[in-house]
Amino acid sequence: GAILQLLAIGGFLLTLNISHGGALLAMGQAKWVTASSVAKLVAMAVLLPVGYIVGESMGEGLAFSGMILGWSISEAFRVVLSSYALSRYGISTIRNDLLYTALFAGIGGLGFYLCPDRGEWVSPAVGGDGVVARFALGELLNGLLIAVLVNAAWAPIAWPTIRSVLAKRRGV
């Protein structure tokens, strides 16, 4: 549902920051990793309550979603600061970050377009015993199509690494 989509945005930003943080640590710049984490903490202290208030004002049951959105946005503060830190050492991440962000947004948009329940706050039909009561073959095929498209979209970026690992296994 919508909460998972909001979490995915924060998770994506977290993924960007993991590579930034790893590079900073490899250069012996742990202070920048700490500073970016503090920036996220300060942003969370502001954005979680703001997200709650805004979500609550938008409708019943949206306060928690507002908080999740606040968490996701707070992760951006960490990415921006760690990118700035890397740029101070001559490493620019902007081009790759924008490429990955565009790819992430494109895949997300495609998934949203292909999802039959797009735009609705839905949950699966669950029986009284907690077991999914129905599962249509169309939903399975739709999910499979989305999985194939997502993997196809990321394949050009992952291929050099995959090729290198396969070559090492073959002893080439």
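J.: Help me out: how do you make sense of the packing of helix α1 (residues 2-26) against helix α3 (residues 63-88) in this one?
T.: Relative placement of two packed helices is described by the angle separating their axes and the distance separating the axes. Put simply, α1 and α3 touch, their axes get as near as 9 Å, and they point 20° apart. Considering the angle they form, α1 stands roughly parallel to α3. Crossing angle aside, the handedness with which α1 passes α3 is left-handed. Among the residues forming the contact of α1 with α3, the class breakdown is 17 nonpolar, 8 polar and 2 charged.

J.: Even after reading the chapter, I still don't get the pattern of salt bridges, so can you show me in this structure?
T.: Taken as a whole and judged by the stated rule, the model has 2 salt bridges. What you see here is one network of salt bridges that share partners, running through K40, E75 and R78.

J.: Please explain the packing of aromatic side chains as it appears in this structure.
T.: In this description, an aromatic ring pair is defined by two values, namely the gap between the centres and the angle between the planes. Inspection of the entire model under this criterion finds 3 aromatic pairs. The interplanar angle of 70° and the centroid separation of 5.9 Å between the aromatic rings of W32 and Y84 together place this pair among those described as edge-to-face. Residue W32 is found in helix α2 (residues 30-58), and its partner Y84 is found in helix α3; the two are separated by 52 residues along the sequence. The exposure class assigned to Y84 is partly exposed, which follows from its relative accessible area of 44%. Residues Y100 and W154 carry aromatic rings whose centres are separated by 6.1 Å and whose planes lie at 40° to one another, so their mutual orientation is tilted. Taken together, the residues Y100 in helix α4 (residues 94-114) and W154 in helix α5 (residues 137-170) connect sequence positions 54 residues apart. The class of W154 is partly exposed, set by a relative accessible area of 26%.

J.: Just checking my understanding: could you explain the packing of α2 against α3 for this structure?
T.: In contact at an axis separation of 7 Å, α2 and α3 are set at 155° when each is read in the N-to-C sense. Put simply, α2 runs roughly antiparallel to α3. When you trace α2 past α3, the crossing you get is right-handed. Here the residues of the contact of α2 with α3 are counted per class, giving 16 nonpolar, 8 polar and 5 charged.

So, how was this worked out
Residues numbered from 1 in each chain as written. Predicted model: local features only at pLDDT ≥ 70, side-chain atom pairs only at ≥ 80, totals over all residues. Heavy atoms only, no water. Axes fitted to C-alpha atoms, helices over the stretch in contact; angles between N-to-C directions. Helix = DSSP H or I, 4+ residues; strand = E, 2+ residues; numbered from the N terminus. Parallel < 35°, antiparallel > 145°, perpendicular 65-115°, else oblique. Left-handed = near helix turned anticlockwise from the far one by under 90°. Nonpolar A, V, L, I, M, F, W, Y, C, P; charged D, E, K, R; others polar. Salt bridge = Lys/Arg side-chain N within 4 Å of Asp/Glu carboxyl O. Phe/Tyr/Trp six-rings, centres within 6.5 Å; stacked < 30°, edge-to-face > 60°. Buried < 20%, exposed > 50% of the residue type's maximum accessible area, 1.4 Å probe, protein only.

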